[in-house]
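Fold and contact review
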Amino acid sequence: MATFDTLIKGGTVANSYATFKADVGIRDGKIAALGIDIGEANQTIDAKGKYVLPGGIETHCHIAQESSTGTMTSDDYYSGSVSAAFGGNTTIVPFAAQHRGQSINDVISLYDSRAAPHSVIDYSYHLIVTDPTDAAINEQLPAAFERGITSFKVFMTYDKMIVSDEQFLDILVMARDNGGLTMVHAENNAMIKWMVKRLIDRGYDAPKYHAVSHPRTSEVEAVRRGIALASFVEAPLLFVHISTDAGARAVADARMDGCMIFGETCPQYMFLTAEDLDRQGAEGAKYCCSPPLRDTQTQIDMWRHLNAGSLQLYSSDHAPYRFDASGKLSAGNNPPFNRIANGLPGIELRAPLLFSEGVNKGRISLETFVSLTASNAAKLFGMDDHKGTIAPGFDADIAIWDPQKSTQVTAAGMHDNMDYTPFEGWELTGWPVTVMNRGRVIVDSEELKATAGDGQFIARKPFDPTGFIPPRAPEIEESTNFGAKLF
Ligand code: DUC
Ligand code: ZN
Ligand code: ZN
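Since we're looking at a predicted model, the values are computed, not measured. Along each chain, the written sequence defines residue order, and numbers are assigned to residues from 1. Chain A is the first chain written and ligand 1 is the first ligand written, with later ones labelled in order. Given that the model is predicted, a residue must reach a pLDDT of at least 70 before its local features are reported, and side-chain atom pairs must reach 80 or more before they are shown or counted; all residues, however, enter totals for whole chains, interfaces and linings. Only hydrogens and water are set aside; all other atoms, that is, all heavy atoms of the structure, feed into the side-chain values.

This next bit is on the coordination of the zinc ion (ligand 2). The donor definition counts N, O and S atoms within 2.8 Å of each metal and applies 3.2 Å to Na, K and Ca; water is not among these atoms, so some sites may look incomplete. Looking at the zinc ion (ligand 2), one finds its protein donor set to be Lys153 (NZ), His185 (ND1) and His241 (NE2), positioned 2.1 to 2.2 Å from the metal centre. Read in sequence order, the donor residues coordinating the zinc ion (ligand 2) give the pattern K-x31-H-x55-H. Taken as a pair, the zinc ion (ligand 2) and the zinc ion (ligand 3) lie 4.4 Å from each other. You can see Lys153 sitting in strand 12 (residues 151-155) and its partner His185 sitting in strand 13 (residues 181-185), a full 32 residues away along the chain. Taken as a pair, Lys153 and His185 share a single burial class, namely buried. Comment: elements are numbered from the N terminus, with helices defined as DSSP H or I runs of at least four residues and strands as E runs of at least two. Exposure categories follow from relative accessible area, calculated using a 1.4 Å probe and restricted to protein chains: below 20% of the type maximum is buried, above 50% is exposed, and the middle band is partly exposed.

Below, the structure is given as structure tokens:
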């Protein structure tokens, strides 16, 4: 009879494609066997009445990252990864941000030093590219892809980060040709700047006007333009933090056209609204993020888009800035909306919110929950050969969920380095009670078992374009461009 290091016994396993009763045998950090009566182990975990799910893969979070205005997130790789682990995650992919004037190589070295000694769970990075010099595009980014950092984000907004449409095309073609996945923050810079100026000039400077300054149409215009640019050069493109029905529909339409277009939404657009910005004094600053919170119809729309598969990713966009002078109040105790650091904390609550509001309320299936918290991210970001599924040969990255456990959310109960949570007082049902990363128990019965530096850097595979078949002839083809090879 086989002997394992650990046996998870009596639970219900769910992958993105099926839910079934099985014990899970773990050896040397990998899943070694699945089935009933598969053997014995040095350590047995009783999972009766529980779900045994792939550990969450959180691929949109900001950790130990300076914003373009120099504000540092409150979480470093220790507190950020611990908080992620308590929320059922076993891998994080935060951003490594280039600021103008910095080389990509220096950015990677900097984030290696920030992450490796501190992360308690596995990690990788997406780069943020704000200075697309020839060297960055033609040498440093392809070299980063070779190292397994195969995704990066660009911005269509913010004066200190924006790339022009021409730069965007160069970047898309380079990524397409080198196995990279471009991610984009899609909002129309000019519309937002125009709105900010008009609002501030007229004295509308309270936090709630942040939402007014980023109209839906600024997102929709940028999403449609991004799709036009990417499909013109047949390159993959992932729209992060989609906050509008029309933006998600544009993504869905482009996918129906065979374009390599993907979309992500976040808990804040599904569980909060712009009304949350309309609080006493500066309290609304706690809810300033970009794109901004929308309304209750958007919440319904996002459930539909996640279920329909028009959006493939559900990520926290954890961007933790404390409610003090180090973060949200860096411009004083009554900051105008355009001087408030953008972002909400939520890495620990991402999956529990989706479980409680989604699985337990019948809005999504358990399999869809697994797709949205783990498997889709593994596939899009080149880790699906060893993460995001419970199967023999895969890393033993496992979250054991008690579907009945009820929790009242408080800032004090979170493990991040924040002084508030936007979800204070929420009652959630279902929580990950035991979490394992590569076979090591990292969280058990509300206790951390992992140590700083236990997490490993994950070198990711190139983006895989298999399955995308544009039905139309490319815009520029041999017969109509007189043989010119352009891109
Ligand atoms: N974009 C993000 O992805 N997060 C925080 C702020 C922003 O503009
Ligand atoms: Zn963004
Ligand atoms: Zn973000």
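Moving on, there is more to tell.
Along the chain, Asp317 turns up in the loop between strand 16 (313-314) and helix 11 (350-359). The charged side chain of Asp317 is buried without a salt bridge, its nearest counter-charge being Lys153 at 6.0 Å. Polar contacts involving the side chain of Asp317 include one to the side chain of His62, which spans 3.0 Å. Pairs of residues are marked as contacts when any of their non-hydrogen atoms sit within 4.5 Å. Ignoring anything within four residues of it in the chain, the contact list for Asp317 reads His60, His62, His241, Cys266, Gln268 and Leu344. Neither His nor the chain termini are counted; the positive set is Lys and Arg, and the negative set is Asp and Glu. For this document, the term salt bridge refers to a Lys or Arg side-chain nitrogen within 4 Å of an Asp or Glu carboxyl oxygen. Polar contacts, as counted here, are pairs of nitrogen or oxygen atoms within 3.5 Å of one another; within protein the pair requires one atom able to donate a hydrogen and one able to accept it, and residues that are adjacent in sequence qualify only if both atoms are side-chain atoms.

The next thing to look at is the coordination of the zinc ion (ligand 3). Looking at the zinc ion (ligand 3), one finds its protein donor set to be His60 (NE2), His62 (NE2) and Asp317 (OD), positioned 1.9 to 2.0 Å from the metal centre. As a motif over one chain, the donors of the zinc ion (ligand 3) read H-x1-H-x254-D. You can call His62 buried: its relative accessible area is 9%. For Asp317, a relative accessible area of 8% puts it in the buried group.

Moving on, we come to the site of ligand 1. One heavy atom suffices: a residue is near a molecule or strand as soon as one of its heavy atoms comes within 4 Å of it. Every residue near ligand 1 is listed here: His60, His62, Lys153, Tyr158, His185, His241, Ser290, Asp317 and Asn342. His62 places a polar side-chain atom, nitrogen or oxygen, 3.1 Å from a nitrogen atom of ligand 1. Side-chain polar atom of His241 to an oxygen atom of ligand 1: 3.2 Å apart, as the coordinates give it. The accessible surface values rely on the Shrake-Rupley method and a 1.4 Å probe; as for residues, cover is taken only from the protein chains in view. Across the complex, the protein chains shield 91% of the 240 Å² of accessible surface that ligand 1 would expose by itself. Per-class residue counts for the shell around ligand 1 are one nonpolar, six polar and two charged. Lys, Arg, Asp and Glu make up the charged group, whereas Ala, Val, Leu, Ile, Met, Phe, Trp, Tyr, Cys and Pro make up the nonpolar group; the residues left over, Gly among them, are polar.

Here we come to the sheet that holds strand 4 (residues 23-27). The strands making up a sheet associate through hydrogen bonds between their backbones, and the pairing can be parallel or antiparallel. Strand pairing follows a simple DSSP-based rule, namely that at least 2 bridges must link the two strands. Strand order in this open sheet of four strands is 5-4-1-6, and the pairing throughout is mixed. Every interior strand has two partners, whereas the edge strands, strand 5 (30-35) and strand 6 (40-46), have only one. Each adjacent strand pair in this sheet contributes to an overall mean axis angle of 25 degrees, direction not counted. As judged from the five bridges shared by strand 4 and strand 5, these two strands associate in the antiparallel manner. Residue pairing in the sheet places Val24 in a bridge with Leu34 of strand 5. Angles here are taken between N-to-C directions and fall from 0 to 180 degrees, while the axes themselves are lines fitted to C-alpha atoms, restricted in helices to the stretch in contact.

When strand 2 (residues 12-14) meets strand 7 (residues 51-54), the two strands line up parallel, connected through two bridges. Bridging across to strand 7, Thr12 finds its partner in Tyr51.

Attention now goes to the nonpolar core. Ranked by size, the top nonpolar core spans 123 residues in total, and within it Leu127, Phe152, Phe239 and Phe369 carry the most contacts. Looking at which element gives the most residues to this core, the answer is helix 12 (residues 366-380), with eight residues. In this structure, Ala22, Ile26, Ile31 and Ala391 belong to the second largest nonpolar core, which totals 16 residues. Grouping buried Ala, Val, Leu, Ile, Met, Phe, Trp, Tyr and Cys residues that are joined through side-chain atoms within 4.5 Å yields what is termed a nonpolar core.

So, about the state of the cysteines. The rule for a disulfide is simple: a pair of cysteine sulfur atoms within 2.5 Å. All told, the structure shown has zero disulfides when counted by the stated rule. Cysteine Cys61 is unpaired, with the sulfur of Cys266 as its nearest cysteine sulfur at 11 Å. When its relative accessible area of 0% is taken as the criterion, Cys61 is described as buried. Among the cysteines around Cys288, which has no disulfide bond, Cys289 carries the closest sulfur, lying 7.7 Å off. Under the relative-accessibility criterion, Cys288 is labelled buried at 0%.

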